[in-house]
Amino acid sequence: MSAIGILGTGSMLPSVVVTNEEIGNGAGVTDEWIIRKTGIRERRRAQDHQATSDLAAAAAERALRQAGVLPHEVAYIVLATSTPDQPQPPTASFVQHLIGAVNAVAFDVNAVCSGFVYALSLVERVLRTEPATEARYGLVIGADIYSRILDYSDRRTAILFGDGAGAVVLGRTTEGDGSGILATSLVSRGDQHRLIGVPAGGSRMPATADTVEQGAHFFQMDGRGVRSFVQENLPKAVHKLLADAGIGADAVRHFVPHQANGVMLREVWPELKLINAELQLTVELHGNTGAASVPIALDAVHRGGELAEGDVVLLSAFGGGMAIGSALVSWGRTRHARPVRELQST
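On a predicted model such as this, the values are computed, not experimentally measured, just so you know.

Is there a simple way to explain the packing of helix H7 (residues 223-245) against helix H8 (residues 262-272) in this structure?
The description of two packed helices rests on the angle between their axes and on the distance between the axes. Two elements in contact, H7 and H8, have axes whose closest approach is 10 Å; the angle formed by their N-to-C orientations is 35°. In this structure, H7 meets H8 at a crossing whose hand is right-handed. Of the residues in H8, those touching H7 at Arg-227, Val-230, Gln-231, Leu-234, Pro-235, Val-238 and His-239 are Met-264, Glu-267, Val-268, Glu-271 and Leu-272. When its residues are assigned to classes, the contact of H7 with H8 shows 7 nonpolar, 2 polar and 3 charged.

Below is the structure:
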């Protein structure tokens, strides 16, 4: 049976750039402080007329063009987001309409910043069970607009986040060429759910004038707790995935992590022991784009010409829940590679 692999990548970054000086003024910190703590120099912000589905649809269309897949050929659209257009219906249904994927099943996944890898694992497994004689494609998207749920006076969160979307097209690879998704691993630690969240707006704490006044609709995070969780759990999750897949750490050529905090990622990097891998970071210019950060980084690396056929790529993300999702991919030859300038929006 042929494997399911990544046939194309795409991303969308809003055109509005927000500098450290701009974001730091409201949070009471300096450009130097933000760089020293996070490695971030700037991030992108969606314009007022843009919703999560708009960014997601643009990234999806770019991935489809690169894969040479038409919208009506897509069987599944799974959108990872924790900032949907609205509570109902799923934002994926708006994306389906925007791109004209009339034959697709469309739904959302919310595993916060881990959501893209969770969705990737889900769609890969579904496609793998379908008849090999049928050309079925899946569209996996990560998209978030965190700028709408931030307290800009909170230096723990305001400085970190940017907006954006990234997407991949999944489908069957050429039989026998060794490319495809080799293994995935999903971890959920509900006992740590209090580390990240937006308290209000759900069934436990419905929106009221009081919850708005209290700022309970803003994103909240225990930064030290999250750092400790990542340092303790990310290396274990990565090493277990490699062991279960029977692949040595020295075989990995690229590590594409969730772009949460550049300083934190560099601190945990030696513990992963990926001695032949390149740590791929885009956080300096994009910030933390939530569920979009892994596919945006992957698209940047791909369109930058850094991925060679046969390279083993490790994707890994962590986020609220708490959750960790990782995937090992043997990179294949994508059909219609386009230059990195497509990362820029209009």
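Would you take a moment to explain the sheet that holds strand S5 (residues 105-109) for this structure?
In any sheet, the strands associate via hydrogen bonds between backbone groups, in a parallel or an antiparallel arrangement. With mixed pairing, 5 strands are arranged side by side in an open sheet as S1-S7-S6-S4-S5. For this open sheet the edge positions go to strand S1 (4-12) and S5, each flanked by a neighbour on one side alone. Strand after strand, the sheet turns through a mean of 20° between neighbouring axes, direction not considered. Pairing geometry for strand S4 (residues 74-80) and strand S6 (residues 137-145), over 6 bridges, is parallel. Opposite Val-78, over in S6, you have Val-140 as the bridge partner.

Just to check I follow, could you spell out the UniProt feature "domain: Beta-ketoacyl-[acyl-carrier-protein] synthase III C-terminal" (unreviewed entry) in the protein chain for this structure?
Following the UniProt record, one finds the feature "domain: Beta-ketoacyl-[acyl-carrier-protein] synthase III C-terminal" (unreviewed entry) at residues 242-331. The span residues 242-331 carries 33% helix and 27% strand; its end-to-end C-alpha distance comes to 16 Å.

Just checking my understanding: could you explain the pairing of strand S11 (residues 252-257) for this structure?
One face of the sheet, then the other: side chains in a regular strand alternate in exactly this way. Summarising burial for S11: 5 of the 6 residues are buried, a large majority. Pairing geometry for S11 and strand S13 (residues 312-319), over 5 bridges, is parallel. Across the sheet, Pro-257 pairs through a bridge with Ser-316, a residue of S13. Sheet topology places S11 next to strand S12 (residues 278-279); 2 bridges connect them, and they run parallel. Bridged to Phe-255 within S12 is Leu-279. Running through H8, the crossover from S11 to the neighbouring parallel element S12 is right-handed.

It is not clear to me how the pattern of salt bridges should be interpreted in this structure. Could you clarify?
Two side chains with opposite charge may pair up if their charged atoms get near one another. Using the criterion set out here, one finds 11 salt bridges in the structure. Here Asp-299 makes a salt bridge to Arg-303, at a shortest N to O gap of 2.5 Å. Here Asp-299 pairs with Arg-303, and both are found in helix H10 (residues 293-303), just 4 residues apart, close to one helical turn. Since its relative accessible area comes to 1%, Asp-299 is described here as buried.

For this particular structure, what's the right way to read H8?
For H8, the complete set of buried residues consists of Gly-262, Met-264, Leu-265, Val-268, Trp-269 and Leu-272. Viewed along the axis of H8, the buried residues span an arc of 145°, placing them on a single side of the element. Exposed side of H8, more than 90 degrees from the buried face: Arg-266 and Pro-270 are the residues found there. Lining the buried residues of H8 we find helix H2 (31-38), H7, S11, S12, helix H9 (283-286) and S13. Of the residues flanking the start of H8, the one acting as N-cap is Asn-261, its side-chain oxygen 2.9 Å from the backbone nitrogen of Val-263. Immediately downstream of H8, the backbone of Lys-273 shows phi near 60°, a positive value.

Looking at this structure, I do not really get unusual backbone geometry. What am I missing?
Residues apart from glycine generally show negative phi values, whereas peptide bonds are mostly found in trans. For the peptide bond that leads from Gln-88 to Pro-89, omega is -5°, which places it in the cis range. Along the chain, the position of Pro-89 falls in the loop between S4 and helix H4 (91-99). You will see that Val-112, though not glycine, has its phi angle at about 50°, which is positive. Examined against the element boundaries, Val-112 turns out to sit in the loop between S5 and helix H5 (115-128). Unusually for a residue other than glycine, Lys-273 sits at a positive phi of about 60°. Locating Lys-273 in the fold gives a position in the loop between H8 and S12.

What exactly am I supposed to notice about the nonpolar core here?
Across soluble globular proteins, you tend to see nonpolar side chains buried next to one another. In this structure, Phe-219, Leu-234, Val-252, Leu-274, Leu-314, Phe-318 and Leu-328 are the most contacted members of the largest nonpolar core, which totals 47 residues. Elements with a minimum of two residues in this core: helix H1 (20-27), H2, H7, S11, H8, S13 and strand S14 (323-330). Considering every element that reaches this core, the biggest residue donor is H7, with 8 residues. Other than its neighbours up to four places away in sequence, Leu-274 contacts Leu-242, Ala-249, Val-252, Phe-255, Trp-269 and Leu-314.

So what exactly am I meant to see when it comes to the sheet that holds S14 here?
Spatial ordering of the open sheet is given by S8-S14-S13-S11-S12, a layout of 5 strands whose pairing is mixed. In this open sheet, the two edge strands, each paired with only one partner strand, are strand S8 (180-188) and S12. Across the sheet, H5 is in contact with S8, S13 and S14; its angle to S8 comes to roughly 125°.

Rules used throughout
- Residues numbered from 1 in each chain as written.
- Predicted model: local features only at pLDDT ≥ 70, side-chain atom pairs only at ≥ 80, totals over all residues.
- Heavy atoms only, no water.
- Axes fitted to C-alpha atoms, helices over the stretch in contact; angles between N-to-C directions.
- Helix = DSSP H or I, 4+ residues; strand = E, 2+ residues; numbered from the N terminus.
- Left-handed = near helix turned anticlockwise from the far one by under 90°.
- Contact = heavy atoms within 4.5 Å.
- Nonpolar A, V, L, I, M, F, W, Y, C, P; charged D, E, K, R; others polar.
- Pairing = 2+ DSSP bridges.
- UniProt positions renumbered as here; feature names shortened; annotations may be inferred.
- Buried < 20%, exposed > 50% of the residue type's maximum accessible area, 1.4 Å probe, protein only.
- Right-handed = clockwise from strand over helix to strand, strands pointing away.
- Salt bridge = Lys/Arg side-chain N within 4 Å of Asp/Glu carboxyl O.
- Arc of directions from axis to C-beta.
- Polar contact = N/O pair within 3.5 Å; in protein donor to acceptor, adjacent residues only side chain to side chain.
- Core = buried A, V, L, I, M, F, W, Y, C linked by side-chain atoms within 4.5 Å.

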